[in-house]
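# Notes for the structure review
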Amino acid sequence: MNADRESIGDDTPGRTALPLFPLRSVLFPGGLLMLKVFEARYLDLMSRCLRSGDGFGVIALRQGSDVRNAETEAVDLEPVGVLARIIDVDSPQSGILDLRCQGTRRFATESVAQQADGLWTADVEFIADDEPAPPGEQLAACVAALVDAIDTLTAQGAKPFLEPMNFADAGWVANRWCEILPITLAAKQKLMALEDPLIRLGLVDDFLRNKGVIG
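What follows deals with the packing of aromatic side chains. This model, assessed by the stated rule, comprises four aromatic pairs. Ring geometry for phenylalanine 21 and phenylalanine 56: centres 6.2 Å apart, planes at 50°, overall tilted. With a gap of 35 residues between them, phenylalanine 21 in strand S1 (residues 15-23) and phenylalanine 56 in strand S3 (residues 56-63) connect regions that are remote in the sequence. Among the residues examined, phenylalanine 21 registers a relative accessible area of 7% and is labelled buried. Ring centres of phenylalanine 167 and tryptophan 172 lie 5.3 Å apart, and the angle between their planes is 80°; on these two criteria the pair is classed as edge-to-face. Each member of the aromatic cluster is reached from another via a ring pair, and the members are Phe21, Tyr42 and Phe56.

Here you go:
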């Protein structure tokens, strides 16, 4: 990946080549991602991103491990990921970067490959952002429960979400719930990839009602 290519930002159209950062977690658009980076390939990647302003692709591991030279099964990546941009970075010691990143746009992968240094790359097609949609009265209890959850987390000293909060948008509410619900990685992935934010929030609402979180 060349640092002097066209910058990969939030408004990059169409298909483009993207470096990937596989994780055992799912990043959602608008979500906060905390990363501790120490492998050479990812230190190089983050340095390039910081210099150029580029984003990088975060994609969930469906199978295997991304640890270099690990005795493990074959790596299988999910087909849909989220572009991340670096918000800020700290270096607590030489060779380690602590980063705060934000999820932006979803993308679908094609032609996934691994470079000689172990860095994964793919040609990606960006997916349209969620259309703004109010949750509506039917999903009001789900929204109110998220407000309560955020108040509880804040009182405990946890701040899992980036501001500004947007409780009037179904996609934003659904994504924040998906980040904190105790559901499987596969379930989070399916919810993130859903292109209708009202359906996504409706599924979250069903889960909360089944668990007795809302009545």
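From this point on, the discussion continues.
By the secondary structure assignment, aspartate 169 is in the loop between helix H2 (140-155) and helix H3 (170-180). The charged side chain of aspartate 169 is buried without a salt bridge, its nearest counter-charge being arginine 200 at 7.2 Å. Here the side chain of aspartate 169 touches tryptophan 172 through a polar contact of 3.0 Å, landing on its backbone nitrogen. When neighbours within four sequence positions are excluded, aspartate 169 is seen to be in contact with Glu131, Pro132, Ala133 and Pro135.

We now examine the pattern of salt bridges. Enumeration according to the criterion identifies nine salt bridges in this entry. As a salt-bridge pair, arginine 100 and aspartate 88 come within 2.8 Å of each other at their nearest N and O atoms. Of this pair, arginine 100 sits in strand S6 (residues 96-114) while aspartate 88 sits in strand S5 (residues 80-93), and the two are twelve residues apart along the sequence. Accessibility expressed as a relative area gives 27% for arginine 100, which makes it partly exposed. Ionic pairing is found between aspartate 205 and arginine 209, a salt bridge with its closest N-O pair at 2.7 Å. Taken together, the residues aspartate 205 and arginine 209, both in helix H5 (residues 197-210) and four residues apart, mark about one turn of the helix. By relative accessible area, aspartate 205 is classed as buried at 6%. Taken together, the shared-partner salt bridges in this structure form one network comprising Arg62, Asp76 and Glu78.

The next thing to look at is the pairing of S6. Taken together, the six bridges between strand S2 (residues 32-37) and S6 define a ladder with antiparallel strand orientation. Looking at the pairing, methionine 34 lines up with arginine 100 of S6. Sheet topology note: the S5/S6 ladder contains ten bridges and is antiparallel. Residue pairing for S6: isoleucine 86 is matched across the bridge by cysteine 101. Linkage of S5 to S6, two consecutive antiparallel strands, is achieved through a turn of two residues, within which glycine 95 is found at a positive phi near 85°. Pairing of S6 with strand S7 (residues 120-126), which is carried by six bridges, proceeds in the antiparallel orientation. Within S7, the position partnered with threonine 109 by the bridge is valine 124. Connecting S6 to the antiparallel partner S7 that follows it, the hairpin turn spans five residues, and glycine 118 within it adopts a positive phi of roughly 95°.

The next thing to look at is the layout of surface pockets. In this structure, the largest pocket encloses a volume near 380 Å³. As for the largest pocket, its lining consists of 17 residues, of which Pro29, Gly30, Thr104, Asp129 and Asn175 are closest to the centre. Looking at the lining of the largest pocket, the elements with two or more residues in it are S6 and H3. Top contributing element to the lining of the largest pocket by residue count: S6, with five residues.

The subject of this paragraph is the nonpolar core. With 47 residues, the main nonpolar core has Leu35, Val37, Met46, Phe56 and Trp177 as its most contacted residues. If you look at the next biggest cluster of nonpolar residues, it comprises eleven residues, including Leu20, Leu61, Leu77 and Trp120.

Taking 1.5 Å of rise per residue, 14 residues should cover 20 Å, and H5 covers 20 Å from first to last C-alpha, within 8% of that figure. Within H5 the residues assigned to the buried category are Pro197, Arg200, Leu201, Gly202, Val204, Asp205 and Leu208. Looking at the buried positions of H5, the neighbouring elements they touch are S6, H2, H3 and helix H4 (185-193). Here H5 starts with a cap whose side-chain oxygen sits 2.9 Å from the backbone nitrogen of leucine 198, and that cap is aspartate 196. Count one or two residues on from H5 and you reach glycine 212, which has phi positive near 75°.

Scoring rules and cut-offs
- Residues numbered from 1 in each chain as written.
- Predicted model: local features only at pLDDT ≥ 70, side-chain atom pairs only at ≥ 80, totals over all residues.
- Heavy atoms only, no water.
- Phe/Tyr/Trp six-rings, centres within 6.5 Å; stacked < 30°, edge-to-face > 60°.
- Helix = DSSP H or I, 4+ residues; strand = E, 2+ residues; numbered from the N terminus.
- Buried < 20%, exposed > 50% of the residue type's maximum accessible area, 1.4 Å probe, protein only.
- Lys, Arg positive; Asp, Glu negative; His and termini not counted.
- Salt bridge = Lys/Arg side-chain N within 4 Å of Asp/Glu carboxyl O.
- Polar contact = N/O pair within 3.5 Å; in protein donor to acceptor, adjacent residues only side chain to side chain.
- Contact = heavy atoms within 4.5 Å.
- Pairing = 2+ DSSP bridges.
- 1 Å grid on protein atoms, 1.4 Å probe; cavity = no way out; pocket = protein on both sides within 12 Å on 5 of 7 lines; lining within 4 Å.
- Points joined across faces, edges and corners; volume = space filled by probe spheres on them.
- Core = buried A, V, L, I, M, F, W, Y, C linked by side-chain atoms within 4.5 Å.
- Expected span 1.5 Å × (residues − 1).

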